[in-house]
Amino acid sequence: MLGVDEDEPENPKEGEPGMRLAILFSMLSIRLRFYIAVCLMVSGGIQASELHWSPDAEAAFLKGGQVYANGSTRDALDAWMICLQEGESAAIHHNLGVAHYRMGATGRALWHLERADRMGFMHPDTQNALRYLRQINGIEELKLGLLEQLALLLPEDVWSWIAVGSFWLSVFCWSAYAGLLRRRARYRDVGILTLLTVIVCVTAWVGIVQDSHRGVVWAGDADLKVSPTTQSESLITLQDGSYARLLRTLNQHVYVEAADGTRGWLKDESFRTFRAAL
């Protein structure tokens, strides 16, 4: 993936989220670690096989990288948009985000990078680019609830596949537990584990619904107005790239809550949620 600067990502340090997760994982039982590993491998396979480009799209992807390296950002955007028309991927959204940043379109850059972050298993390049853009532009991020943080750990389709697989495995294990006299404890343990996995996935989907209301001002600076009319008084001006939470829509306007808590109306074309289709 392309980067917004030339610095290499720093190595994880002790106490950071990745290290804490590794320590927590090592404390789990062998059976539980095996089950989690299987779920992650299956979800990884889903992501790897989810998109197949045509030869023209693959050629456009390579051309985009070449012309971007030569300094022709506009041509790179056009080439990568051809790929996006055949299907979304974390790599395409990441590259489009970095290219829009080079073009000075902060809002569109953040939208594509946030989209990539939701599709790419928290890729460090994408997360570093997001932090960098928010920092240099002084953009305050929306506070995430616990369910939203859970939802962002995996892409939404992976949550769905894990939930479906765990549900049917749970049905099989509890059926075997009820019908067998031997090894019932093993089926019971796996049945409980898979049932808990289903509950976690359903909880994550609640977080996905909440996260679907988060978005960004992506078409330049926008006036946050008192009412959904063009003649309405302006409360504040949200800079391009400002984060906000969608509350409702009316008359081609959206009622949003900005990161500082201010609520008001924006024109719908100036705001886009991170899970909305392009």
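These notes cover the structure that comes with them.

Conventions used here
- Residues numbered from 1 in each chain as written.
- Predicted model: local features only at pLDDT ≥ 70, side-chain atom pairs only at ≥ 80, totals over all residues.
- Heavy atoms only, no water.
- Helix = DSSP H or I, 4+ residues; strand = E, 2+ residues; numbered from the N terminus.
- Buried < 20%, exposed > 50% of the residue type's maximum accessible area, 1.4 Å probe, protein only.
- Expected span 1.5 Å × (residues − 1).
- Arc of directions from axis to C-beta.
- Contact = heavy atoms within 4.5 Å.
- Salt bridge = Lys/Arg side-chain N within 4 Å of Asp/Glu carboxyl O.

Here's the deal with the environment of Leu154
Along the chain, Leu154 turns up in the loop between helix H8 (146–151) and helix H9 (156–179). For Leu154, a relative accessible area of 13% translates into the label buried.

Some thoughts on helix H3 (residues 55–69)
With 15 residues, H3 extends 21 Å from end C-alpha to end C-alpha; this agrees with the ideal 21 Å at 1.5 Å per step. Looking at H3, one finds that the buried residues are Ala57, Ala60, Gly64, Val67 and Tyr68. Considered in projection along H3, the buried side chains sweep an arc of 95° and stay on one side of the axis. H3 presents Pro55, Leu62, Gln66 and Ala69 as exposed residues on the side facing more than 90 degrees away from its buried surface. The secondary structure elements touched by the buried residues of H3 are helix H4 (73–86) and helix H5 (90–103). Immediately downstream of H3, the backbone of Gly71 shows phi near 95°, a positive value.

Some remarks on the pattern of salt bridges
In total, this model carries 12 salt bridges according to the counting rule given. Between Asp211 and Arg118 there is a salt bridge, with the nearest N and O atoms lying 2.9 Å from each other. Taken as a pair, Asp211 in helix H10 (residues 184–211) and Arg118 in helix H6 (residues 106–119) lie far apart in primary sequence, 93 residues in all. Across the pair, exposure class does not vary: Asp211 and Arg118 are buried alike. A salt bridge links Arg134 to Glu141; the nearest nitrogen and oxygen atoms lie 3.6 Å apart.

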